[in-house]
Amino acid sequence: MKHLALFLVLIALTSASETASYQLAVLKYNGGGDYYANPTAVPNLIKFCNQELGTNISEEVPYVEVGSTDIFNYPYINMTGHGNVVFSTAEAENLRNYLMGGGFLHIDDNYGMDKFIRLEIQKVFPNNALVELPNDHAIFNQKYTFDGLPKIHEHDGKRAQAFAIIVEGRIVCLYTYETDLGDGWEDQSVHNDSEDKRNEALKMGANILQYAFLNGGLDD
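Everything in this summary refers to the structure shown in the same document. (Residues numbered from 1 in each chain as written. Predicted model: local features only at pLDDT ≥ 70, side-chain atom pairs only at ≥ 80, totals over all residues. Heavy atoms only, no water.)

### Remarks on the overall build of the protein
Right, so step 1: A tally of regular secondary structure across the protein gives seven helices and seven strands.
Right, so step 2: In the protein, the succession of α and β elements from N to C terminus is α-β-α-β-β-α-β-α-β-β-β-α-α-α.
Right, so step 3: Here the protein holds 220 residues, and the buried ones make up 55% of them.
Right, so step 4: Nonlocal contacts in the protein, meaning residues at least 24 apart in sequence, comprise 76% of its contacts between residues at least 6 apart.
Right, so step 5: In the structure as shown, the protein presents an accessible area of about 9600 Å², 48% of it carried by carbon and sulfur atoms. (Helix = DSSP H or I, 4+ residues; strand = E, 2+ residues; numbered from the N terminus. Buried < 20%, exposed > 50% of the residue type's maximum accessible area, 1.4 Å probe, protein only. Contact = heavy atoms within 4.5 Å. Areas by Shrake-Rupley, 256 points an atom, 1.4 Å probe, with all protein chains shown as cover.)

See the structure below:
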């Protein structure tokens, strides 16, 4: 059975002249964390990918609740924030079904959510550990080549790391830590990042989408 995400993207790539074929979304969660942080991030990433990768993604990015069946309408969901995250049992099950059905979740720690999100990921996949991706992983070698996850913002002097939940050879959940990719995707005026840093963040984001969709998220 084809992965949902791969199927939708192949449709989207059939003609750039058609109206946008699919959407990405941002995950809305409970617990008090600011799921709405970085509002210009994903729209800017979409614009970059439509221009540089030839994708045909809608620039309208809705918020979708983790417990809603609406998440199944989106092949890629971004999650970010600074604080607490809480998934109920039903929400964790819904998210697991979405990911096992072909969906892709990218969690980008915006500084402060790490100790919370790790516990919630365990609710979603109690039998699958987060594993760190090596610097030579295929996700770092798509259209753009990186030697591991780039460091966009400095917080605690820690190195940037990419972790993943891998099920049957497919990355279903990517967790980027100590990098702040989403901050780099935002409008330049928000964080006053240099164009070099913004381009670095956008290129890594494009790699994530290209890997997850065009490769089906499968490890080589």
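### What about the nonpolar core?
Right, so step 1: One finds Leu-24 and Trp-185 to be the most contacted residues of the largest nonpolar core, which totals 37 residues.
Right, so step 2: Contributions of two or more residues to this core are made by α2 (41-52), β6 (161-167), β7 (170-177), α5 (181-185) and α7 (195-214).
Right, so step 3: Ranked by residues supplied to this core, first place goes to α7 with nine residues.
Right, so step 4: Not counting residues up to four positions away in its chain, the partners in contact with Leu-24 are Val-42, Ile-46, Ile-57, Glu-60, Val-61, Pro-62, Tyr-74, Tyr-76, Leu-209 and Phe-213.
Right, so step 5: Counting 30 residues, the second largest nonpolar core, distinct from the first, contains Val-85, Tyr-98, Val-124 and Cys-173. (Core = buried A, V, L, I, M, F, W, Y, C linked by side-chain atoms within 4.5 Å.)

### Comments concerning the sheet that holds β6
Right, so step 1: Read across the open sheet, the seven strands follow the order β2-β1-β3-β4-β7-β6-β5; overall the sheet is mixed. The open sheet has two edge strands, β2 (63-65) and β5 (131-132), and neither has a second partner.
Right, so step 2: In terms of strand pairing, β6 meets β7 through seven bridges, oriented antiparallel. Within β7, the position partnered with Ala-162 by the bridge is Thr-176.
Right, so step 3: Along the sheet, helix α4 (residues 114-124) makes contact with β3 (76-81), β4 (104-109), β6 and β7, crossing β7 at roughly 165°. (Pairing = 2+ DSSP bridges. Axes fitted to C-alpha atoms, helices over the stretch in contact; angles between N-to-C directions.)

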